[in-house]
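# Residue-level structure breakdown
Each chain, written out:
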Amino acid sequence: MNKLTLPAFVMAVWSVHANATPFDTCPSKAYLFQSAPVKVYGVNLVTGATTLLEDDTGTTANVNGVGFNFTDRYIYGYDTTNKKIVRMGKNFQVADVNTSDLPTDHTFYVGDVYDHTYYLYRTNKGLFKIDLSPLDSDASAVLPVVKISSRATVSLTDMAFHPGNGKLYGIDNNSGFLYEFDPTSGQETYIADTGQKGTFGAGYFDVNGYYYVSRNNDVSSGGVVIREGGKIYRVNMSLDESGDFVESDFTAVEFADGPMSNQNDGARCANAPVIDEDSNIDFGDAPDSYKTTLASNGPRHQLDELTWLGLNGVDGDSDGAVSPDSDDLTGIDDEDGIGFVTAVEPGLDTLVTAYASTTGYLSGWIDWDGDGEFDEPGDKVFEDQLLQAGQNVLFFEADLNAVAGDTWSRFRFSQQTGLDADGGSTSGEVEDHGLTITAANTRQEHFPSSTGFVTLAYEDNYPYTADYDMNDVVMFLRVTETLKDDVVAKIKVTGQLAALGASYHNGFAIRLPNVARTAVNTQLTYLKVNGQLQSDSGMETDMQEASFVISNDLNEAADFSCQYFRTLENCREDISYEFELTISFNPDADVSGLPDMPYDPFIFATPDKYHGEGMPEHPGRSWEVHLADQAPTEKFDKVNIMGLGVDDSNDATGKYFKTSNNLPWALMLPEQWEWPKERVDLLKAYPDFEGYATEGDGTNALWYKSDNAVSAETY
Amino acid sequence: MNKSIMILTLCGLLTACGGGGGDEGEASPASAPAPAPASTPDTSTDNTSNTVTSTGDLAAPAGFDYHPAATQTVQVDISGYSTDRAYLSIYSQYHQLSDGDYLPVYDSRILSSPLAAGELTLDFTMVTDEGPVLAEIWFYDGSAPLVQVFERGESVWYW
């Protein structure tokens, strides 16, 4: 050691102790190190949004070859100006790390950390490693640099450890080939051609095994940019349980637009997911066939607190919401900026309104042929349409060959242009909306509204005295009728199982009173459960009337682990069962007797299950509970069940499913209702029900509102 | 909402919207026949008569069916204003913006229907709830929509 370097060494020790505080967590963002003096940027890999975190790291040097050490939560790097090892903590202040045997004939700009060991690579020089564990007890410890191998033939500008298998990966800049490196021998193995070339100065893994690479600068040929700089690509290198790659396709998929750079290197805590718990990213909520989730490279927008659609702003999502969730069910209702204010009829003009928070660019897609993708050229109805702040009225012509029926649209509003239906964006919002493509003279009626639900609450101790917690079966339900020339042509019933507070097993069904089963067009009638098409629509083929069994056993369907499903305060679970029943009628069918929506939704006893004393054993489908004064179906066992216990049903007077005091076993509430907790009497949770029921004249009509509830008594 | 104020607001809105080629001197869409007085549900809370603590002890009047929905009629005739291709939507929720314009909560749509030469009459099922609803009629030329606010509790909505 010569005299000149001694003060520097002392300074280094001092700075380690004074400034270096490790990161508090394993951060989700990636860190990009650029330039000399080095600046540190945070890159949101999901959207490409970049922020300068520190432009004064306490050094004038460039730091490269950086890697995040999950063990001690420091970022380690190589000072290319002074040829030494450094590290930095959460305040991004550089502190020297003392080493011995560090090569002096060349620099490093490729490196990463894994298992408390810092690896450095230099093409044609070799692979080296440094054990970092002595720093745990002595920040000034001198760490030996060990050469693993002289073999280093692949032209790399960054490499990264896969958190799942502990192997190193890098993309050869010249060929775009992906290589795997054995960190114990330096031996490289060709994996695949990623299809992308260029100087990928920064590479990162996430906890799910996705590998992200960021290209430094534009690559031009003959004055034309042939490969754009700043692009972030993603390669799916996720592993299955036995450690094998899930995908055989390692094509680098364009993922987001990041920053251009030179002297570029990246570090990231590979054990973190790419999205924080407190996400500031907006996702869509169409079915995932439209590429909605992050795993599908779905569209997502960094919230910029400036650019959104609608009045309500945007909330952050942890991922794309797919059935049975929707983006509106979590956080604020932010899918509120787009309105289909006219009919969408094939070949005709359509108006759409877009309420914008500020000026920006709107792109929009509609799946005209209903194939579950926005991939047809004609699916893109708006491209970088400039919006003004406030309400914008936009035209497009519906595709001439559009298929009538329900489909999906996607709208992306951003300060960026050139967005596709998938991929990240640094600003704005994505809104996915279902819509109906209709024939001429078609109208739609929604009960209670196009995205609202009524609540059906059943007691299942019929025909005996109920405990009136009104939560044995709680179902949210919505019905949409499509009428062509004033005749109901199609019915869509959407439901979500909200709660099961029952000890007995019950099924759920919907009957269309006064409509013959033969009126139903069975080819165009189908049932989806949690977005999956079922093999059977559930139509009861042994009935004269049209009736559809949604589930024979809701306990089986709900898939819950608490004693009851969503009625116990101390055992909360998410909604896990959603269905969508679409019923079409034959062209000349007589549906004039169809009653008002929601027709006749009812519960029945699960076949072959016990359903209480004093009744036929295992009554199954012959035991039903309907809303008050709704007659049972033809399968109901009137002889052996009706009139038992406290049931005062009477065919002659049209009184059904009520007691002699006219109390029901089932209620419908006009909105998504907060039901009483397990064994809490309805009156205790909703005192105004007394006046509502006993007066029967509209008194306390809003007894069911949450404002009128004793909130400690409801779920 | 005070009805006279509401209608004044609507008149102002429609005048401000203008366009569409209609003659404001006759058959303004806002000058519909005055609807019957509203029989809005009693929404006051009943705090005085809670005499029982168990639902099973209650007795309801015979015939009471607990049904929180009713048939609503909407009757539109804007043929004096325009018979162009037009489309009606009714929303259960809406915002009023600072400039007085209405913005529907599009997710709260109750019905949507084409008009036939400026006319439409239909019955539909609507849940019992509180607050007025917003109706919009859009023409396919992109001109500003006609807007009407309807009160719940009126069995027929005239436009």
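Rules behind the numbers
Residues numbered from 1 in each chain as written. Chains lettered and ligands numbered in written order. Predicted model: local features only at pLDDT ≥ 70, side-chain atom pairs only at ≥ 80, totals over all residues. Helix = DSSP H or I, 4+ residues; strand = E, 2+ residues; numbered from the N terminus. Buried ≥ 20, exposed ≤ 12 C-beta atoms within 10 Å, placed from the backbone. Contact = placed C-beta atoms within 7 Å. UniProt positions renumbered as here; feature names shortened; annotations may be inferred. Nonpolar A, V, L, I, M, F, W, Y, C, P; charged D, E, K, R; others polar. Pairing = 2+ DSSP bridges. Domains from an automatic or database assignment. Axes fitted to C-alpha atoms, helices over the stretch in contact; angles between N-to-C directions. Core = buried A, V, L, I, M, F, W, Y, C linked by C-beta atoms within 7 Å.

This brings us to the overall build of chain A. Counting its secondary structure elements, chain A contains four helices and 44 strands. Expressed as a percentage of its 715 residues, the buried residues of chain A come to 50%. Considering only residue pairs separated by 6 or more positions, chain A has 65% of its internal contacts joining residues 24 or more positions apart.

So, about the UniProt feature "domain: DUF4842" (unreviewed entry) in chain A. Per the UniProt record, the feature "domain: DUF4842" (unreviewed entry) sits at residues 488-704 of chain A. With 7% helix and 25% strand, residues 488-704 of chain A has its two end C-alpha atoms placed 31 Å apart.

Next up on the list: the interface of chain A and chain B. Counting residues at the interface gives 56 residues for chain A, matched by 51 residues for chain B. Looking at the side of chain A that touches chain B, the elements with two or more residues in it are strand S25 (338-340), strand S26 (349-356), strand S29 (390-397), strand S33 (442-447), strand S44 (666-669), helix H3 (682-685) and helix H4 (689-695) of chain A. Tallied by class, the residues present in the side of chain A that touches chain B amount to 27 nonpolar, 20 polar and nine charged. Here S33 of chain A runs beside strand S5 (residues 109-114) of chain B; their pairing, made up of two bridges, is antiparallel. Along S5 of chain B, the bridge assignment pairs Gln444 of chain A with Ser112 of chain B.

This part covers the environment of Trp368 of chain A. All names here are of chain A. Assignment of secondary structure puts Trp368 in the loop between strand S27 (360-366) and strand S28 (380-387). With 21 C-beta atoms packed within 10 Å, Trp368 lands in the buried category. Separated by eleven residues in sequence, Trp368 and Asp379 place their C-alpha atoms 6.3 Å apart.

Before going further, it helps to examine the environment of Val66 of chain A. Residue and element names in this part refer to chain A. Counting through the fold element by element, Val66 comes out in strand S4 (residues 63-69). We classify Val66 as buried; it has 28 C-beta atoms within 10 Å. Once the C-alpha coordinates of Val66 and Thr358 are considered, the two residues, 292 residues apart in sequence, prove to be 39 Å apart. Residues within four places of Val66 in sequence aside, it is in contact with Phe33, Ile75, Tyr76, Gly77, Gly111, Asp265 and Ala267.

So, about the domain arrangement of chain A. Residue and element names in this part refer to chain A. For chain A, the assigned domains are domain 1 (5-267), domain 2 (281-440), domain 3 (445-680) and domain 4 (681-715). Using C-alpha coordinates to define each centre, domain 3 is positioned 23 Å away from domain 4. Between domain 3 and domain 4, the contact holds 13 residues from the first and ten residues from the second. For the side of domain 3 that touches domain 4, the residue count by class is eight nonpolar, one polar and four charged.

Residue and element names in this part refer to chain A. Burial analysis of S27 places seven of its seven residues in the buried class, the great majority of the element. Of the two faces of S27, the one holding Gly360, Leu362, Gly364 and Ile366 and the one holding Tyr361, Ser363 and Trp365 are both buried throughout. In this structure, S27 lies alongside S28, joined through five bridges in antiparallel fashion. Within the sheet, the bridge partner assigned to Leu362 lies in S28 and is Gln385. Pairing between S27 and strand S30 (residues 405-414): six bridges, direction antiparallel. Considered in S30, the bridge of Gly364 is made with Phe411.

Once that is clear, we can look at the sheet that holds strand S40 (residues 545-551) of chain A. Reading across the sheet, the four strands line up as S40-S37-S42-S43 (chain A) and stay open at both edges, with antiparallel pairing between neighbours. Edge strands, defined here as strands with exactly one partner in the open sheet, are S40 and strand S43 (624-625) of chain A.

A separate point is the sheet that holds S30 of chain A. All names here are of chain A. If you trace the four strands from one edge of the open sheet to the other, you get S28-S27-S30-S32, paired in antiparallel fashion. Every other strand in the sheet has two partners, leaving S28 and strand S32 (429-437) as the edge strands with one partner each. Across the sheet, the mean angle separating the axes of adjacent strands is 20° when strand polarity is ignored.

Right, let's get into unusual backbone geometry. The omega angle of the peptide bond from Phe447 of chain A to Pro448 of chain A is 0°, so this bond is cis rather than trans. Relative to the assigned elements, Pro448 of chain A resides in the loop between S33 and strand S34 (454-458).

Now for the nonpolar core. In globular proteins that are soluble, nonpolar side chains generally tend to be buried together. All names here are of chain A. One finds Tyr211, Ala457, Val473, Met475 and Ala666 to be the most contacted residues of the largest nonpolar core, which totals 216 residues. Counting residues per element, this core draws most heavily on strand S36 (residues 487-499), at seven residues. Once residues lying within four places of it in the same chain are set aside, the contact partners of Tyr211 are Ala160, Tyr169, Gly203, Phe205, Val235 and Met237.

Two faces belong to every sheet, and in a regular strand the side chains alternate between them. All names here are of chain B. Of all six residues in strand S2 (residues 86-91), six are buried, a share of seventy percent or more. Covered by surrounding structure in S2 are Ala86, Leu88 and Ile90 together with Tyr87, Ser89 and Tyr91, the residues of both alternating faces. Across six bridges, the pairing between S2 and strand S7 (residues 133-139) is antiparallel. Its bridge partner lying in S7, Ser89 is registered against Glu136. The sheet contact formed by S2 and S5 spans five bridges and is antiparallel. Each bridged residue has a counterpart across the sheet, and for Ser89 the counterpart in S5 is Ser112.

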